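# Structural description and commentary
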Amino acid sequence: KYGDASFDHKFFSDKYANSFSQIVLRNSGGDNNVLQYRDGFIQKSVSQKTSLDIQDYRAAIVFINGQYWGIQNIREKISTEYVEHNSGVNRNKVDLAETWGNALAGTNNIYVLQWWAKNTSMAVPSNYKTVIDSFDLNNMLDYFSTEIFISNWDWPQNNIKFWRPTEGDRKWRYILWDTDISYGLFNLQSVNFNQLGRIKNAATNSIGPHADIFSELLKNTSYRNQFVNRYADMMNSHFRTTNLNTLFDNMADTISAEMPRHLARWAPWVNWSAERQAVKNFYTSRLNYARNEIQSEFSLAQQVNITLQASPAGAGYIKINSIFPDTYPWTGVYFDGVPVEITAVPNPGYTFNHWLSSTLILSPNTNKSVTINVNNVNETFTAYFTGASVSAKIEVSEINYNALTATDDGNWIELFNYGNSAIDLTGWSIKNYYGVHTLSNNNTILASKARLVICSDTIKFKIQHPTVTNYYHGQIGSLSNSGDLIELYDQMGSKYLSFIFDDKAPWPTTPDGYGFTLEYSGPPKNPSLSSSWFAGCPGGSPGKAYKAGCITGVVENNTEASAVEIYPNPAKTNLTIEIKNTVAFSEWKLINNIGVEIIHKELEGNSSTEIVDVSALAPGLYTAIFIGENTRIIKRIIVQ
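Residues numbered from 1 in each chain as written. Predicted model: local features only at pLDDT ≥ 70, side-chain atom pairs only at ≥ 80, totals over all residues. Heavy atoms only, no water.

## Here's the deal with the confidence of the model for the protein chain
So the rule is basically this: On a scale of 0 to 100, pLDDT captures the predictor's confidence in every residue. We call two residues in contact whenever any of their non-hydrogen atoms come within 4.5 Å of each other.
The pLDDT averaged across the protein chain works out to 91; a share of 96% of its residues lies at or above 70. Predicted confidence for residues 551-558 stays below pLDDT 50, and this span has 20 contacts to residues more than four positions away or in other chains.

What follows is the structure, encoded as structure tokens:
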């Protein structure tokens, strides 16, 4: 309020935002002078490999006018700015609301969805589709799984924030927020409290529109099965005791040296060691109670232990429902009555051959993915592979980050497998400044020397590229028009490649809104260097290799093209550019054939004639772009 308009600092190491108009200093809420990092711990525990939006955390020691004030938590402020930082959606194009539908920005339709869910049968596909199409399904499943497992006492009647873009798919997403009174704080909910039953039977206890919608959706068998399996997956991964212990202890270590001084200032009677152990005891015991809740509430026959292994060792991975175990053999707990999906994912150089299991698959099953109900208490599935290990060889070969408005085909990224072995992209992901985005869920094989285009908007893409077939919607998110980070991760979350591109010289500038794409000149060149990139074809060459000369296919603004005349063309010494007053231009640029700006001049919008000396330019093809408020005219020039 009294200083600069923003805090220009990278407060949170796991996120890329480095400028904030607001931050929160929080005393840990209900957890104040107890654990002191309960909400931060819960949010960090689900910050990776989930679809949740989390409010990031960092501890700080605070002094006010020189007086020691103890440990406070630096937190992101939930606002439209937060949405922009974490999703790339423009903060002015966001609906943001809280628990009972109070709109913090824009509008919301949560009560319409609540009415529809409660007054029509969710077992009817069309009725179910009306409701579920308004939500990001993966985000919703992760959100309810998390809140139910941590047994949040002050939810869902309180502490809900949710948002959606006002353009595009307009799907609601939940932000995990204010989970302090969880994991048994103040014994308000015991470890065996049936939180799932409370939410599932929301119609009888009036705890808000979100619980009503969720409880009604559970009456749809498909949704119920997806929820049960995702909740089980999270208990077998994110909420597994060993995983939580590692994070819990690491976060304790960051503040342990300061806690005695903090408690001496505020709460000298607190036994911090005992409080930490109480939380550990809660989440360790919670697993069995949470699984029993699932079995009881959905009348499932039994819990089953599913063991996965790969043969030979190191030949590949196995995806079960939504997760990839990282060591084999691996065992997780699932439910008889809800089929699981297992998918074999070979490592580079290997090929999946067949499945066998202890009792359910006794003869080789060659389907890469198998959906099966496990009705034995213990069942082992083995994926058999053939081949030998090789290195993956994938490059980001083309980027479309700011299309020409008239031919907008959305953001897209092209991948190219320049190796000699096919690569299974199941579970791979792309990360930019706005977070991690799923690249492929299942069965996406990138053959040797093949290309694949990952689109943010398949409708826009198909309109502009009707003959391209090797593309799909891969949730790449919104790429920044002013340069961005591109990182590629494999199914285990290991970083495969990383680089940052820019829209300013020496990077090619015409891909930034002038109708061109950013094209990679290929390995062994370094993708982090501007010299490794050039301006590709007008409109791009998605799904196929770049061909020199495609620049001659530039589409001019035909209705206004006569406003600019250039002669002689080809030119050897001087070039005459005649601008007529039918269009008011503000500037013009001359671009060489790799997208580098050679000339940039401001114009005043009046008719003019200019003589340009091109004798010093290298022979070749150039592009002149004339820019007005609503017009871009593109002309091709040949210098001899």
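## A word on helix α11 (residues 272-297)
We apply this condition: Starting at the N terminus, helices and strands are each numbered in turn, a helix being any DSSP run of H or I of at least four residues and a strand any DSSP run of E of at least two. Helix span, expected: 1.5 Å multiplied by one less than the number of residues in the helix. Burial status follows relative accessibility: with a 1.4 Å probe on protein chains alone, a residue under 20% of its type maximum counts as buried, one over 50% as exposed, and anything between as partly exposed. Pairing of N or O atoms within 3.5 Å defines a polar contact, subject to two protein rules: one partner must be a possible hydrogen donor and the other a possible acceptor, and residues neighboring in sequence count only if both atoms are side-chain atoms.
Here α11 contains 26 residues, and its C-alpha end-to-end distance of 36 Å stays within 8% of the 38 Å for a straight helix at 1.5 Å per residue. Of the residues making up α11, those classed as buried are W272, V279, K280, F282, Y283, R286, L287, A290, R291, E293, I294 and E297. One side-chain oxygen at the N-terminal end of α11 lies 3.3 Å from the backbone nitrogen of S273; it belongs to N271. Just past α11, the residue S299 takes up positive phi, approximately 50°.

## Quick look at the nonpolar core
Worth spelling out the cut-off: The set of buried Ala, Val, Leu, Ile, Met, Phe, Trp, Tyr and Cys residues whose side-chain atoms join them within 4.5 Å is what this entry labels a nonpolar core.
With 92 residues, the main nonpolar core has Y37, F144, Y183, F227 and W355 as its most contacted residues. The next biggest cluster of nonpolar side chains, apart from the first, holds 25 residues, and it includes I423, L439, L488 and L497.

## Describing the sheet that holds strand β27 (residues 533-538)
Test applied: Being paired, for any two strands, means DSSP has found at least two bridges between them. The axes are straight lines fitted to the C-alpha atoms, using for helices just the contacting stretch, and the angles between their N-to-C directions are given from 0 to 180°.
If you walk across this open sheet you meet the six strands as β23-β22-β17-β16-β26-β27, and the pairing is mixed. Two strands lie at the open edges of the sheet, namely β23 (471-473) and β27, each paired on one side alone. The sheet shows a mean angle of 25° between the axes of neighbouring strands, direction not considered. Summarising the sheet, strand β17 (residues 412-417) and strand β22 (residues 451-455) pair through five bridges and their orientation is antiparallel. Following the sheet pairing, I413 is matched in β22 by I454.

## Some points on the packing of helix α5 (residues 137-149) against helix α7 (residues 209-217)
To be explicit about the condition: Angular relationships are summarised with four words: roughly parallel below 35 degrees, roughly antiparallel beyond 145, roughly perpendicular across 65 to 115, and oblique for the angles in between. Charged residues are taken to be Asp, Glu, Lys and Arg, nonpolar residues to be Ala, Val, Leu, Ile, Met, Phe, Trp, Tyr, Cys and Pro, and polar residues to be all remaining types, Gly included.
One way to put it is that α5 packs onto α7 with a least axis distance of 12 Å and a crossing angle of 105°. Taken together, the axes of α5 and α7 are roughly perpendicular relative to one another. Contact with α5, carried on its side by M140, F144 and I148, involves H210, I213, F214 and L217 of α7 and no other residues of that element. A class-by-class count of the residues in the contact of α5 with α7 yields six nonpolar, one polar and no charged.

## Side note on the pairing of β27
When you tally the buried positions in β27, you get five out of six residues, the bulk of the element. Bridge analysis of strand β26 (residues 516-520) against β27 gives four bridges, and the strand direction is antiparallel. Along β27, the bridge assignment pairs L518 with A535.

## Some remarks on the sheet that holds strand β30 (residues 585-591)
Pairing is antiparallel in the open sheet, where four strands are placed in the order β31-β30-β33-β34. Pairing within the sheet leaves two strands with one partner each, and these edge strands are β31 (597-602) and β34 (632-639). Here the strands of the sheet are splayed against their neighbours by 15° on average, with no regard to which way each runs. Here strand β33 (residues 620-628) pairs with β34 via eight bridges, running antiparallel. Bridging across to β34, F626 finds its partner in I633.

## Concerning the pairing of strand β15 (residues 378-387)
Of the strand pairs in this sheet, strand β9 (residues 302-311) and β15 are connected by seven bridges, and their pairing is parallel. Residue N305 lies in a different strand from β15, and its bridge partner there is N378. Pairing analysis gives seven bridges linking strand β13 (residues 350-357) to β15, with the strands arranged antiparallel. The residue of β15 that forms the bridge with L356 is T382.

## Description of unusual backbone geometry
Cis rather than trans, the peptide bond between W155 and P156 has omega equal to 5°. In this structure, P156 sits in the loop between α5 and β7 (161-165). Following Y567, the chain continues into P568 via a peptide bond in cis, with omega recorded as -10°. Its place among the elements puts P568 in the loop between β28 (564-567) and β29 (574-579). For N65, which is not glycine, the phi dihedral falls at a positive 50°. Note on placement: N65 falls in the loop between β3 (57-64) and β4 (67-76). Given a relative accessible area of 81%, N65 falls into the exposed group.

## Regarding the side chain of R291
Rules: When charges are tallied, Lys and Arg are placed among the positive residues and Asp and Glu among the negative ones, while His and the ends of the chain are skipped. A carboxyl oxygen of Asp or Glu within 4 Å of a side-chain nitrogen of Lys or Arg is what we treat as a salt bridge.
You can see R291 is positioned in helix α11. D233 provides the closest opposite charge to the buried, unpaired R291, separated from it by 9.4 Å. Ignoring anything within four residues of it in the chain, the contact list for R291 reads M235, N236, Q303, V333 and F335.

## Topic: the pattern of salt bridges
In this structure the tally under the stated criterion is 30 salt bridges. Of the charged contacts, one joins E565 and K580 as a salt bridge, the two residues approaching to 3.0 Å between their closest N and O atoms. Here E565 is found in strand β28, whereas its partner K580 is found in the loop between β29 and β30, with 15 residues between them in sequence. Under the relative-accessibility criterion, E565 is labelled partly exposed at 33%. Each of the salt bridges in this network shares a partner with another, and the network as a whole consists of D14, K44 and D56.

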